[in-house]
Structures are given as C-alpha cells and as structure tokens.
Amino acid sequence: MDNNSVQQDVNDLIRRRFEELEELKAMNVQAYAYQFDVDSYSAVLKNNFEKYEAKDVKVAGRIMAIRRMGKASFAHLQDKLGRIQIYLKKDEIGDSYDAFKLMDIGDIIGIEGFVFKTKTGEISVHAKSLTLLSKSIRPIPIAKEVVDENGNKTVYDQFADKELRYRQRYVDLIVNPEVKEVFKKRSAIVTTIRQFLDTNEFVEVETPILQPLYGGAAARPFITHHNTLDMDLYLRIADELYLKRLIVGGFDRVYEISKDFRNEGIDKTHNPEFTMLELYVAYKDYNWMMTFVENMVNHTAEKVFGKTEFEIEGKKVSFNSPWKRVSMVDELKNYTGLDVLSASKEDLKLELKKRGVETKDGLSKGKLIDELFEITIQPSLIQPTFVTDYPVELSPLAKKHRTREGLVERFEGFVLGREICNAFSELNDPIDQRERFESQVKMIEEGDDEAHQIDEDYLKAMEFGMPPTAGLGVGIDRLVMLLTNQPSIRDVILFPHMRHRTED
RNA sequence: GGGCGCGUAGCUCAGUGGUAGAGCAUCUGCCUUUUAAGCAGAGGGUCGGUGGUUCGAGACCACCCGCGCUCACCA
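Attention in this report is confined to the structure presented alongside it. (Residues numbered from 1 in each chain as written. Chains lettered and ligands numbered in written order. Predicted model: local features only at pLDDT ≥ 70, side-chain atom pairs only at ≥ 80, totals over all residues. Heavy atoms only, no water.)

## Considerations on the packing of aromatic side chains
Going by this rule: In summary, the pairing rule links any two rings of Phe, Tyr or Trp, Trp by its six-membered ring, whose centres are within 6.5 Å, and it sorts them by plane angle into stacked for under 30 degrees, edge-to-face for over 60 and tilted for everything else. Starting at the N terminus, helices and strands are each numbered in turn, a helix being any DSSP run of H or I of at least four residues and a strand any DSSP run of E of at least two. Three exposure classes are used, based on accessible area relative to the maximum for each residue type with a 1.4 Å probe and protein chains only: buried under 20%, partly exposed in between, and exposed over 50%.
On inspection of all chains with the given rule, the structure shows 17 aromatic pairs. Measuring from centroid to centroid gives 4.7 Å for Y214 and Y234, while their planes differ by 65°, and the two rings are edge-to-face. With a gap of 20 residues between them, Y214 in the loop between β9 (210-211) and β10 (223-226) and Y234 in strand β11 (residues 231-235) connect regions that are remote in the sequence. Y234 carries the same exposure label as Y214, and that label is buried. Aromatic pair W323 and F386: ring centres 5.0 Å apart, planes at 25°, arrangement stacked. You can see W323 sitting in the loop between β15 (315-318) and β16 (324-327) and its partner F386 sitting in strand β17 (residues 385-391), a full 63 residues away along the chain. Judged by relative accessible area, F386 falls into the buried class, the value being 0%.

Right, dumping it as structure tokens:
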C-alpha cells in the first residue's frame, strides 16, 4: 500500500500518527532506522536475572503498552521471545524523552540500558538511550494482559475477529502470542521430520509443480497456462508419479515436502494448497512402512513436544508403538455382518441406506465400500490405527494384495477419526498399471471427474523396471493440527485462503 | 451449494422502532519505580452494502457481500 492510500484511510488515529511523524522529523528523529545491534532478548533476561542484573544490554522490539507518569514512563517491549518492561526517565535520556512522547503502542524501538528489578518486582531494562526503529502509523488492536498472584493470565480485549486474524496474520502474530507458538511448533515438526529422513538415508528432491498431466491422487486440479509453450498445465495434486520415476532411476529413498493443490471446497480440514510429505523406499513393502510411520511420528512427537501421549480435543491419544492394525473388510464384516467383497453393489447400497446414506448412481463398488467404512468404522478410530487393504478400484497405483483377491496392499493411518497418512506397496508391474489406468479412463467416461488420467511417460518409466517399493503420503497440516491441538487447518497455515474482498 | 449464527468507534462489546453507547486505545492537563497505573477533561461512527416498510430503521423485510459453525461435496 502506498503512502497516499494510507493517508486516504481517513481516521483520526492514523492522521495523528502522521502528525507525530512530522513532529519527530522536526526534532531530527529518524522514524525508520537502518539497523540496531540487539544483544539480548526478553525471556533470556527474565530467566537469568542474577546473571544480567545491573549489566548493560541492548534490546529491541515493539511497544505493546505504555504507562506515562510525567517525567518518567514505563513501557512493555515485545521481541521474538516475549515481553520485557523498560523504564525511561527524562533526567537520563533527555531529548529522547520528548521524542518518546510522540511514540505509540506498535512502534518499534531499540533500548540500551541496564537490567534491574522494580519496587514491585518486575525485571526491567532501565534505559540510558532510546532509538526509534520504525514508526507504526496504523493502530494495532490493544490486548491487555493481567497476571494475578496465582499466575493466571487474563487477556482483555483480545483481538478475536477470526476473519481479520486470518486476513491480517501479521497483526494476529503481533497481538496473539500463542499463534506464534503454533507456527514455531509447525516449523520444528517439519525440521524434525527432515532430520529423521536424512538420518534414514533419504534424499530430498524437488519435482515439478507445473505438470502437463496431473495424477497420484483423486482430486480436481487447478489449471494454468504457459504462454510461450502455449499449453495448459496443471498444478500438481500429488508428487507421487515423479517421485516413483526417481525410484526407477535408482534413488532408493527419496522424499519431498511441498505444496499440493486441489481445486475443491474449503473447510476446517481442507485448504486449496496444503503441505504434503511423500516418500518412497525401494525394496520395502507396506508392512515395513507401517513401522516406519510409527517411528517417524513418535520420534517427531518426542523431539518437538517431549512426549508421545497427547490430549487432543479432550481425548487422550497415545502415539506409542505399536499402533493398532485392522483390515478394512474384516472390520466391516465385524461391524455390519456383511462380507463386502462378495456383496453386490445393491447389498452395499442397502447397508448404506440402513444408516441413512443415500448414494448416487454410478459409484463403483469400491467407493460404496469406502463410504460404508467412513460412516461406520472411521469415526471410532480414536487411537492411532492403521486400516489396511483397500478395494482395488480406489487405488490405481497400489500393488494387488498378495493373497486377498480384489484388494490392494494399502493402509491409511487414522487418529481421532481423521486420516493422517496414506501408503501402499507401490504397483511396479507395468502391464497391471496400464490395465488400471484403462479402467480409470472408463470411470472418467462414466462421469467420475476425479479418476486418474493415463500417464504414458510414467508407464514408460515403469517398463524400464521399477523395484518393489513402499510409498507414503502424510498431510503435514493435519499432522500439525493434531500435535498442536488446533481445531482448524486455518490455524496451522499462516495465510489460509479466503474469499477475495472487493472493497478494502 | 443447503441450514443456523454473526457483522455497531482502532480493539472487545451493549443497544428489540423514537437524539448512536461503555471499557480499553487516542487527544489535552497533572503526575520521576508504574503495571488493565491514577486523577480531571475532550474528540472519535457510511451501525457490512443496496433497496424496501414506516411519520421515524442500528433494530423490521428483501437481496447482496464477508466471516464462523454445520451438513453435503471433498481426502
């Protein structure tokens, strides 16, 4: 936003700040500094008072509260680690004190001074000099915090409007410190997963986001256009087909952590772009992968949170190994009495209807089975559980089950009734793969707009010979939601997609 | 897309048909260890938008915009 449009935003608070800017200029105070040599941070000073008492420090941060008392003032400075109080006296900082009178909550300043404790016991920095680093011209929402004798924190007037918090995340981060904590945890989770994979001899790779064909998942894509090639391209819905080409090429263990894009609805668990971890391991199968997932999640939980048992949405969840493993069709038989493999489509529809679900025509048997699973078994999977062996129609890239007809070697991990990962023994038989693609094309012809396209180049790669391989996909956003106990995907994505606003 | 709810000052909210309010923030004055600092005073509004009903609308009605919850779609 340029200066003019800020000034057009007619508002007394903003107008006043422009006046202050002029007054500061008249006092020869630079409102936007070039640098400041910070050497100390709030929490460090407060946690190590004995070490820092009476020592000179340089702190910088955003003013979050001011208490002026004539010729002396207190203020709270917020830096990356929290808040610390500063004390300013006209006697000691002279002209800077007059400049300080023109500063507001939201301004960023640097303080050089010594650490002390006030009468009332608050560890503070007694300023010897004050430097304005950046003048804020928009008022930030003021939240006041009170900590009582018992250490209970009460926040008054917390910035709570969810729409504004998501649209102006920078403000949310300034004002709501717990938001920053969630994103620090997210960062630590991703870093830890990377370290875990690196120590397990994976190679991190990058594959195309712009793809001439989309595949690897059942979803509708975003379409874009390359001008000089004059061709439409799709934003990827999954990394899978490229990563498996790399397995063909001789990378035995590869992974990619990156954005996928799916042109679908937006809700608590869906954002149009989301972060996916996919990894592939040559010479292993899905049984091996289940143990690997357990280890990876446990390692991450332990390293980032120091525990493997969590309370999530009021329920105790233990990620300790081994996770429960159940077969999808066996569970359905136990639950409904129906052998879904030998059952007809009509039987399945009847079973669904009994539970109040009307199905539209043209659904494959596999989808009906999946539907029945979702409404019967899935919600009851609170503790981490691997559900194994899915109908072949649902999984055109997974290897047929070695003993069970009509199924593939696939598992999904569920926690609190929500899917957190998807994996299979990868299909490496090019003839079978071609047949699978062809039956997907029939599904497209029957109106399934999410069925898989034929990827001839992928088939060609597989025809050169692909080792047996285990593959895994983990929705990072959803994993972070679980571990940080956040109810909405928007709370773990810094800038979630919002509907465009015409005004504003 | 359906249902329900919400949108009033920078922030948090009250205001059920009759002169737009409160607290915090802002401004002025006093105040050199305060802490939701205090005391005294002041300013600040397209009540999401458009249209309608009415003598009169922040409120009632219709449509639209945005957000939340939920169902559907969807992994």
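Moving on from the coordinates now.
## Some words on the protein's contact with RNA strand B
Selection criterion: We call a residue near a molecule or strand as soon as one heavy atom of that residue lies within 4 Å of the molecule or strand. Counting of polar contacts relies on pairs of N or O atoms within 3.5 Å, with two restrictions inside protein: one atom must be capable of donating a hydrogen and the other of accepting it, and residues adjacent in sequence are counted only when both atoms are side-chain atoms. Residues are grouped as follows: nonpolar covers Ala, Val, Leu, Ile, Met, Phe, Trp, Tyr, Cys and Pro; charged covers Asp, Glu, Lys and Arg; every other residue, Gly included, is treated as polar.
Neighbouring RNA strand B are 55 residues; Q85, D91, T120, E163 and A218 lie closest to it. The backbone of K71 places a nitrogen or oxygen atom 3.3 Å from a phosphate oxygen of RNA strand B. Interatomic distance of 2.5 Å between a side-chain N/O atom of K144 and a phosphate oxygen of RNA strand B. Those elements that provide at least two residues to the surface near RNA strand B are α2 (12-26), β1 (56-69), β2 (72-79), β3 (82-89), β6 (144-147) and α7 (162-167). Of the residues belonging to the surface near RNA strand B, the class tally is 18 nonpolar, 10 polar and 27 charged.

## Overview of the sheet that holds strand β13 (residues 273-282)
Where we set the bar: What makes two strands pair is DSSP finding at least two bridges between them. Contacts: residue pairs with any heavy atoms within 4.5 Å of one another. Fitting a line to C-alpha atoms yields each axis, with helices limited to the stretch in contact; the angle taken between N-to-C directions then spans 0 to 180 degrees.
If you trace the 8 strands from one edge of the open sheet to the other, you get β8-β12-β13-β20-β19-β18-β17-β16, paired in mixed fashion. Every interior strand has two partners, whereas the edge strands, β8 (203-204) and β16, have only one. Bridge count for strand β19 (residues 418-425) against strand β20 (residues 469-475) is 5 bridges, and the pairing is antiparallel. Across the sheet, the residue bridging to F424 is G471, located in β20. Across the sheet, helix α17 (residues 476-484) lies against β13, β18 (407-415), β19 and β20, angled at about 60° from β20, the strand it touches most.

## Comments concerning unusual backbone geometry
Going from S321 to P322, the amide bond is cis rather than trans, its omega being -5°. When you line up the elements, P322 lands in the loop between β15 and β16. Backbone geometry places N28, a non-glycine residue, at a positive phi of 65°. Structurally, N28 is set in the loop between α2 and α3 (42-47). Even without a glycine there, the phi angle at A54 is positive, about 70°. You can see A54 is positioned in the loop between α4 (49-52) and β1. Assessed through its relative accessible area of 57%, A54 is described here as exposed.

The analysis is restricted to geometry; functional conclusions fall outside its scope.
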